[in-house]
Protein chains: 2
Amino acid sequence: MVAERAGVSVATVSNVLNNKASVSPDFAERVLKAVGELGYVVDIAASRLRSGRAALVGVVVPDLTNPMFATFVSTLEHAARLAGFDLVVVSARNDPAEEADRLSRIRSWRPAGLIVIPCDGALAERLPIGLGGTPVVVADRIPDSGGFDLVAVDNGPAAARIARHLGSEGYGSCLVVGTSLAISNVRERWDGIRAAAGPTYFEIVEIGIGDAARLDAVESRLADARRPEALFALDHVTALELYKLVGRLGLRVPADIAFAGFDEMEWMRLVSPPVTAVRQPVEDMAHAAWQRLVKRMENDAATPTARRLECAVTIRGSTARQPGASREDEAA
Amino acid sequence: MVAERAGVSVATVSNVLNNKASVSPDFAERVLKAVGELGYVVDIAASRLRSGRAALVGVVVPDLTNPMFATFVSTLEHAARLAGFDLVVVSARNDPAEEADRLSRIRSWRPAGLIVIPCDGALAERLPIGLGGTPVVVADRIPDSGGFDLVAVDNGPAAARIARHLGSEGYGSCLVVGTSLAISNVRERWDGIRAAAGPTYFEIVEIGIGDAARLDAVESRLADARRPEALFALDHVTALELYKLVGRLGLRVPADIAFAGFDEMEWMRLVSPPVTAVRQPVEDMAHAAWQRLVKRMENDAATPTARRLECAVTIRGSTARQPGASREDEAA
DNA sequence: CTGAAAGCGCTAACAT
DNA sequence: ATGTTAGCGCTTTCAG
């Protein structure tokens, strides 16, 4: 350690930097002075190697360019920093294979814990063996097999509220559009919609994820004379594509077709009329995940818990029933 | 190393895992088998400690929730991974003090290089002493003091194209709105606008950054009877706030006021009419920054270089001159 | 209260 | 081709 410039032993420097044991004020001062002059910061790797303690947690998200996940990470990072932790963040780019790779790579860092939003339900198969005691908190999406601490939103009830709203506005049919039912969120939202008994007939189309997503099926349904009276997109990326499609087809919202979305984004309030949407408490989810992980890291006991956060639903103009115009009249 | 399960020495395991030296096929196989069974991955920290080589680069951005920076990081991460590098990503949350803290923390990791998008021009003061030989590539924003490798977009020329377009459409006055001229981007864009000689009278308002941003000054200018004929937002966050303000004031675009923005976002193509905007080549910028850093990491020679990437300008309806309607008529 | 020395998991020399 | 050993920078006993 170069900080022997202070003329003390390495042990003393270590003690000062970790405010350990009792170090005389003058010695401490000399050390701090040398540290300042040299611009020294401890080598965190060597530190962990010897002490066994990590102050490092790994974060795996499906896609960093998705504002929702970016916000999740950013919130997490701040919370972690306040607790003295560093974050190693990796994005799986919506690719299960890449997720598996990152998951394995991240173990090389020997993190004290992991927070992961999985690509799909098969997370458990991808969580490398030998992860041993490392605590894992899963957020947002629920793996097929249990055994993890869980933090997610109340997808079903929130989606059901939109479904009931559409029913009460008198919409007779609604096309629900999601990426893939392989993702628990999508599945839960769809289940919630179906569970909400009402006059509306719901039907779902899966369009796929990322670059592989195809709107063809939706387009042909909308071009059809007997097109649905409403659209409900189950995530904001889908919502955006769907909204552009509606515009391209020259359909007016809500006169020709009503429009609602899960995941509220800025643009939904900018367009006219603004879009009815479910807002997810992303920051809360990040905080909850962090707190859960902290608990796990300081005390390995207890069975995994599952926590559900409540979403906010905002009804806006895009799902308003046109006064005096029943859907049949227009279609005729 | 627990992989002595293979019945070989630690050195052989290391050689196999790094495909070093010559290892007999059967020994290699035995090692790989044991590694597989144990789910072992090397401790990257111990590895670096001994070898001195890092395969780690640090990335510092002002704000991860900004889709532009998130895309930058995501692109970077993919490029890094292909080259066998890991990334430690930190967000400064638009706070110079936090940036300084993160910059110093990140040194604890002893990264092989750093890519940073600084909060403001005073980066050099914040780059901790003792960063010694670590190569640094600065992207997007240009520090006041030089000496760094630089990758940015051609802010001035791109902004000038918008300025000339507004002039040729006959707009006599334009209020330019940016966060702060302390940020090089904003300064360069504003300089570019002024340098573009034309009939339009340009004026700038700085609204501040993040939560501290205040639109009051802009609002009073817009409420004024002699409000400007056009608005030009110098970044997408400002553009969004500005667009909402315009809507709140009941001004129609472009009939009452024209609207253009730097940084193209999805919503700009969704609103009606769509917004004239400058699109920045973020992915290209990430790739260029990465390549520059790789060069620096493998060969510390040469003087710092500066690279400018070209932006794409798309003219849309938000800046179209209303047929047969001169601004004066409407204001009267 | 301070220093000397061992050792964390790994790789680079060197020895076999 | 394989094994042995030293030591990277740090923290942790344990002596002084």
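Rules of the game
Residues numbered from 1 in each chain as written. Chains lettered and ligands numbered in written order. Predicted model: local features only at pLDDT ≥ 70, side-chain atom pairs only at ≥ 80, totals over all residues. Heavy atoms only, no water. 1 Å grid on protein atoms, 1.4 Å probe; cavity = no way out; pocket = protein on both sides within 12 Å on 5 of 7 lines; lining within 4 Å. Points joined across faces, edges and corners; volume = space filled by probe spheres on them. Helix = DSSP H or I, 4+ residues; strand = E, 2+ residues; numbered from the N terminus. Nonpolar A, V, L, I, M, F, W, Y, C, P; charged D, E, K, R; others polar. Salt bridge = Lys/Arg side-chain N within 4 Å of Asp/Glu carboxyl O. Buried < 20%, exposed > 50% of the residue type's maximum accessible area, 1.4 Å probe, protein only. Polar contact = N/O pair within 3.5 Å; in protein donor to acceptor, adjacent residues only side chain to side chain. Axes fitted to C-alpha atoms, helices over the stretch in contact; angles between N-to-C directions. Left-handed = near helix turned anticlockwise from the far one by under 90°. Contact = heavy atoms within 4.5 Å. Buried area = accessible area lost by both parts, 1.4 Å probe. Least-squares fit on C-alpha atoms with pLDDT ≥ 70 in both. Near = heavy atom within 4 Å. Domains from an automatic or database assignment. Pairing = 2+ DSSP bridges. Right-handed = clockwise from strand over helix to strand, strands pointing away. Phe/Tyr/Trp six-rings, centres within 6.5 Å; stacked < 30°, edge-to-face > 60°.

Identification of chain A as LacI family transcriptional regulator from Plantimonas leprariae is taken from an unreviewed UniProt entry.

A. A look at empty space enclosed by the protein. This model, assessed by the stated rule, comprises four cavities of 30 Å³ or more. Lining the largest cavity are 13 residues, and of these Glu77(A), Asp86(A), Leu87(A), Val90(B) and Arg102(B) lie nearest its centre. Among the secondary structure elements, those contributing two or more residues to the lining of the largest cavity are α4 (67-82) and β2 (86-91) of chain A together with β2 (86-91) and α5 (96-107) of chain B. In terms of residue class, the lining of the largest cavity is built from eight nonpolar, no polar and five charged. Quantified by volume, the second largest cavity comes out at close to 60 Å³. For the lining of the second largest cavity, the secondary-structure elements that each account for two or more residues are α5 (96-107) of chain A together with α4 (67-82) and β2 of chain B.

B. Looking closely at the pattern of salt bridges. Under the definition given, this model contains 50 salt bridges over all chains. We note a salt bridge from Glu37(B) to Lys33(B), for which the minimum N-O separation is 3.1 Å. Residue Glu37(B) and its partner Lys33(B) are located together in helix α2 (residues 25-38), separated by four residues, close to a single helical turn. Owing to a relative accessible area of 55%, Lys33(B) belongs among the exposed residues under this scheme. Sharing partners across several salt bridges, the network here consists of Glu241(A), Lys244(A), Glu264(B), Glu266(B), Arg269(B) and Arg316(B).

C. Focus on the side chain of Thr319(B). All names here are of chain B. Along the polypeptide, Thr-319 turns up in the loop between β12 (312-314) and α13 (327-331). Since its relative accessible area comes to 1%, Thr-319 is described here as buried. Reaching out from Thr-319, the side chain makes a polar contact with the side chain of Thr-276 at a distance of 2.6 Å.

D. Local environment of the packing of helix α3 (residues 44-51) of chain A against helix α3 (residues 44-51) of chain B. Here α3(A) crosses α3(B) at 115°, and the two axes come no closer than 9 Å. Pair α3(A) / α3(B) crosses with left-handed handedness. Note on element contacts: α3(B) touches α3(A) through Ala45(B), Ala46(B), Arg48(B) and Leu49(B), opposite Ala45(A), Ala46(A), Arg48(A) and Leu49(A). Residues that form the contact of α3(A) with α3(B) fall into these classes: six nonpolar, no polar and two charged.

E. Main features of the interface of chain B and chain A. In this assembly, 50 residues from chain B lie in contact with 50 residues from chain A. Carbon and sulfur atoms make up 55% of the surface buried where chain B meets chain A, a total of about 4600 Å² over both sides. For the pair chain B and chain A, the number of links is 12 salt bridges. Here Asp43(B) ties to Arg110(A) by a salt bridge, and the two come within 3.9 Å at their closest N and O atoms. One can count 20 residue pairs in polar contact (both at pLDDT 80 or more) joining chain B with chain A. Put simply, the parts of the chain that give the side of chain B that touches chain A at least two residues each are α2, α3, α4, β2, α5, α10 (236-248) and α11 (267-270) of chain B.

F. How the structure looks around the relation of the copies chain B and chain A. Superposition record for chain B on chain A: RMSD 0.1 Å, screw rotation 180°, translation along axis 0.0 Å. The symmetry that links the two subunits is that of a two-fold axis.

G. Summary view of the protein's contact with DNA strand C. By nearness alone, 26 residues border DNA strand C, and Ser22(A), Ser24(A), Arg50(A), Tyr40(B) and Arg53(B) come closest of all. When the atoms of DNA strand C within 4 Å of the protein are grouped by moiety, sugar and phosphate amount to 71% of the total. In the environment of DNA strand C, a base oxygen lies 3.2 Å from a nitrogen or oxygen atom belonging to the backbone of Arg50(A). Those elements giving two or more residues to the surface near DNA strand C turn out to be α1 (10-17) and α3 of chain A together with α1 (10-17) and α3 of chain B. With five residues, the single largest contributor to the surface near DNA strand C is α3(B). Looking at side-chain class alone, the surface near DNA strand C contains 12 nonpolar, eight polar and six charged residues.

H. The domain arrangement of chain A, seen in detail. Residues and elements named next belong to chain A. Along its sequence, chain A is carved into domain 1 (1-42), domain 2 (54-153 + 282-309) and domain 3 (155-280). The partner domain 3 presents 13 residues to the 14 residues of domain 2 that form the contact. Summed over the three residues of domain 2 that lose the most area to domain 3, namely Met-68, Arg-141 and Val-153, the buried surface amounts to 37% of that side. At the boundary of domain 2 with domain 3, the tally comes to one salt bridge. A salt bridge links Glu-188 to Arg-308; its shortest N-O distance comes to 2.7 Å. At the junction of domain 2 and domain 3, the tally comes to six residue pairs in polar contact (both at pLDDT 80 or more). Residues that form the side of domain 2 that touches domain 3 fall into these classes: six nonpolar, three polar and five charged.

I. Highlighting the pairing of strand β7 (residues 201-206) of chain B. All names here are of chain B. Where strand β6 (residues 173-178) and β7 come together, six bridges link them in parallel fashion. Of the residues in β7, the one forming a bridge with Cys-174 is Phe-202. Taken together, β6, helix α8 (residues 184-195) and β7 form a β-α-β motif whose crossover is right-handed.

J. Molecular detail of the packing of aromatic side chains. This structure, assessed with the given rule, holds seven aromatic pairs over all chains. Judged by centre distance (5.2 Å) and plane angle (90°), the rings of Tyr243(A) and Phe259(A) are edge-to-face. With a gap of 16 residues between them, Tyr243(A) in helix α10 (residues 236-248) and Phe259(A) in strand β9 (residues 258-262) connect regions that are remote in the sequence. Note on accessibility: Tyr243(A) and Phe259(A) belong to one class, buried. Ring plane angle 55° and centroid distance 5.2 Å describe the contact between Tyr243(B) and Trp267(B), whose orientation is recorded as tilted.

K. Looking closely at the environment of Val73(B). For Val73(B), the position within the fold is in helix α4. A sequence separation of 13 residues divides Val73(B) from Val60(B), and the C-alpha atoms of the two residues are 9.1 Å apart. Setting aside anything within four residues of it in sequence, one finds Val73(B) in contact with Leu64(A), Val59(B), Val61(B), Leu64(B), Leu87(B) and Val89(B).

L. Expanded view of the protein's contact with DNA strand D. Close to DNA strand D lie 26 residues, the nearest being Lys20(A), Tyr40(A), Arg53(A), Ser22(B) and Arg50(B). Counting only atoms of DNA strand D within 4 Å of the protein, the sugar-phosphate share comes to 70%. At a separation of 2.8 Å, a phosphate oxygen of DNA strand D approaches a polar backbone atom of Ser9(B). Contributing elements (two or more residues each) for the surface near DNA strand D: α1 and α3 of chain A together with α1 and α3 of chain B. With five residues, α3(A) is the single largest residue contributor to the surface near DNA strand D. For the surface near DNA strand D, a count of residues per class yields 12 nonpolar, eight polar and six charged.

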